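Analysis of the macromolecular model
Here's the letter readout for the chains.
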Amino acid sequence: MNEIKIFSPATVANVSCGFDVLGFCLDTIGDEMVVRKTKDKGIRITKIEGYDLPFEAHKNVAGVSALALMEVAQPHCGFEIEIYKKIKPGSGIGSSSASAAGSVWAINQLLGSPFNKTQITNFAMKGEALASGCEHADNIAPAIFGGFTLVKSCTPLQVLAIPSPSKLYATIIHPEIEIKTAEARAILPKQIALKKAITQWANLGSLVHAMHTSDYELISDSLNDIIVEPFRSQLIPYFDVVKTESIKAGALGAGISGSGPSIFALSKGKAAAEAVAHAMKKVYSKTDINFDIHLSKINMEGIRVIKSN
Ligand SMILES: Nc1ncnc2c1ncn2[C@@H]1O[C@H](COP(=O)(O)OP(=O)(O)O)[C@@H](O)[C@H]1O
Ligand SMILES: N[C@@H](CCOP(=O)(O)O)C(=O)O
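Since the model is a prediction, treat every value here as computed from it, not as a measurement.

Remarks on the overall build of the protein
- Within the protein one finds 10 helices and 11 strands.
- Over its C-alpha trace the protein gives a radius of gyration of 19 Å, about what one expects of a compact globule, namely 19 Å for 309 residues.
- The C-alpha extent of the protein, read off along each of the three principal axes, is 55 × 40 × 35 Å.
- Classification of the 309 residues of the protein by burial places 56% in the buried group.
- Pairs at least 24 residues apart make up 74% of the contacts formed inside the protein by residues separated by at least 6 positions.
- Accessible area of the protein: about 13200 Å², with a carbon and sulfur share of 52%.
- When the 31 basic and 29 acidic side-chain charges of the protein are each reduced to a single mean position, those positions are 2 Å apart.

A word on the domain arrangement of the protein
- When the domains of the protein are assigned, the result is domain 1 (3-163 + 299-308) and domain 2 (168-297).
- Put simply, the middle of domain 1 and the middle of domain 2, counted by C-alpha atoms, are 24 Å apart.
- Counting residues at the interface gives 32 residues for domain 1, matched by 38 residues for domain 2.
- Carbon and sulfur atoms make up 63% of the surface buried where domain 1 meets domain 2, a total of about 2600 Å² over both sides.
- Counting the surface domain 1 buries against domain 2, the share from its top three residues, Ser-16, Cys-17 and Phe-19, is 23%.
- Linking domain 1 with domain 2 are 2 salt bridges.
- The salt bridge partner of Asp-27 is Lys-297, with a shortest N-O separation of 3.2 Å.
- Taken together, domain 1 and domain 2 are joined by 10 residue pairs in polar contact (both at pLDDT 80 or more).
- Elements represented by at least two residues in the side of domain 1 that touches domain 2 include exactly β1 (3-13), β2 (22-38) and α3 (117-132).
- Looking at the side of domain 1 that touches domain 2 element by element, the count peaks at 7 residues for β2.

Section: the UniProt feature "domain: GHMP kinase N-terminal" (unreviewed entry) in the protein
- Those residues carrying the UniProt feature "domain: GHMP kinase N-terminal" (unreviewed entry) are residues 68-147 in this numbering.
- Secondary structure content for residues 68-147 is 55% helix and 9% strand, and the end C-alpha separation is 25 Å.

Quick word on the UniProt feature "domain: GHMP kinase C-terminal" (unreviewed entry) in the protein
- The UniProt entry lists residues 208-285 under the feature "domain: GHMP kinase C-terminal" (unreviewed entry), expressed in the numbering used here.
- Structurally, residues 208-285 comprises 55% helix and 13% strand, and the distance from its first C-alpha atom to its last is 35 Å.

A word on the packing of helix α9 (residues 239-248) against helix α10 (residues 270-285)
- Put simply, α9 and α10 touch, their axes get as near as 8 Å, and they point 150 degrees apart. It follows from the interaxial angle that α9 and α10 lie roughly antiparallel. The hand of the α9/α10 crossing is right-handed. Across from Val-241, Val-242, Glu-245 and Ser-246 in α9, the residues of α10 making contact are Val-276, Ala-279, Met-280, Val-283 and Tyr-284.
- Residue composition of the contact of α9 with α10, by class: 7 nonpolar, 1 polar and 1 charged.

About the thresholds
Residues numbered from 1 in each chain as written. Chains lettered and ligands numbered in written order. Predicted model: local features only at pLDDT ≥ 70, side-chain atom pairs only at ≥ 80, totals over all residues. Heavy atoms only, no water. Helix = DSSP H or I, 4+ residues; strand = E, 2+ residues; numbered from the N terminus. Rg over C-alpha atoms; globule rule 2.2 N^0.38 Å. Buried < 20%, exposed > 50% of the residue type's maximum accessible area, 1.4 Å probe, protein only. Contact = heavy atoms within 4.5 Å. Areas by Shrake-Rupley, 256 points an atom, 1.4 Å probe, with all protein chains shown as cover. Lys, Arg positive; Asp, Glu negative; His and termini not counted. Charge placed at Lys NZ, Arg CZ, Asp CG, Glu CD. Domains from an automatic or database assignment. Buried area = accessible area lost by both parts, 1.4 Å probe. Salt bridge = Lys/Arg side-chain N within 4 Å of Asp/Glu carboxyl O. Polar contact = N/O pair within 3.5 Å; in protein donor to acceptor, adjacent residues only side chain to side chain. UniProt positions renumbered as here; feature names shortened; annotations may be inferred. Axes fitted to C-alpha atoms, helices over the stretch in contact; angles between N-to-C directions. Parallel < 35°, antiparallel > 145°, perpendicular 65-115°, else oblique. Left-handed = near helix turned anticlockwise from the far one by under 90°. Nonpolar A, V, L, I, M, F, W, Y, C, P; charged D, E, K, R; others polar.

Put into structure tokens, the structure is as follows:
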């Protein structure tokens, strides 16, 4: 195989109570990338469509993760990368992760799959660190493993695949303001009160249990974030109204997607997710903020091949 075209999905990180550890993979929104072998060694980004992003490999997350893989793999060829960007950078649904994960996933395929998913995640984290200022894998892991993932540890990297109930649907609204992940991290407190930590890890534990047992009521009861959301929600206009209206419309829960400004809701079944989309739209329609909305089932496969030759 000399060339591969892939779909690299958007992802929702944190999922309310799982800051930096929990995430899930979306099905209906993602970037496309073409990666091909070249005789010249090294990584070249030859095309970027959709958004204005750096072409220099060491400044683009797709290049940084690819270079990390190359350093270990030392292949006898190089690679050129084309990025067809559909996920707006800074939208909170893993735009940088889709590129960072996509390039290494594709190169691994072209090299005959010498690395496993955990190793690919490790390389991709190097790219993600360029965008967010630190290595976190809660977007990268669901893009590579699919479904819901829990990052038990970053060093050494340990990713757990969490099952999810089959009727779970996500609704995402993206109000068109940009929040850089690095900036949304900088406003967070360095220390938290033990009492709050106890509530948060109880919610995370019960959410993971609920996913294993397909207990939708417990999912609903666990989707709370009392640590990060109070700070970041101030950066998102009408966040509280969108959240309240989503839950009134039938969502199991709603919260900030990644570092925002996108807001996600989880619902039981497509009809409920559509009702939530309607309620979310209604809020921003009354303002001068532009938005786009996505409905998606949980993508259990993660990154996938569109074509190869
Ligand atoms: N291939 C890429 N895709 C997206 N963002 C990239 C890429 N390469 C570098 N970046 C930089 O990463 C930042 C966006 O990342 P981030 O703030 O984490 O947004 P998101 O939450 O959408 O991932 C921007 O500063 C952007 O210029
Ligand atoms: N855990 C990270 C996730 C950032 O997600 P993104 O989609 O906004 O890049 C954080 O919350 O900072």
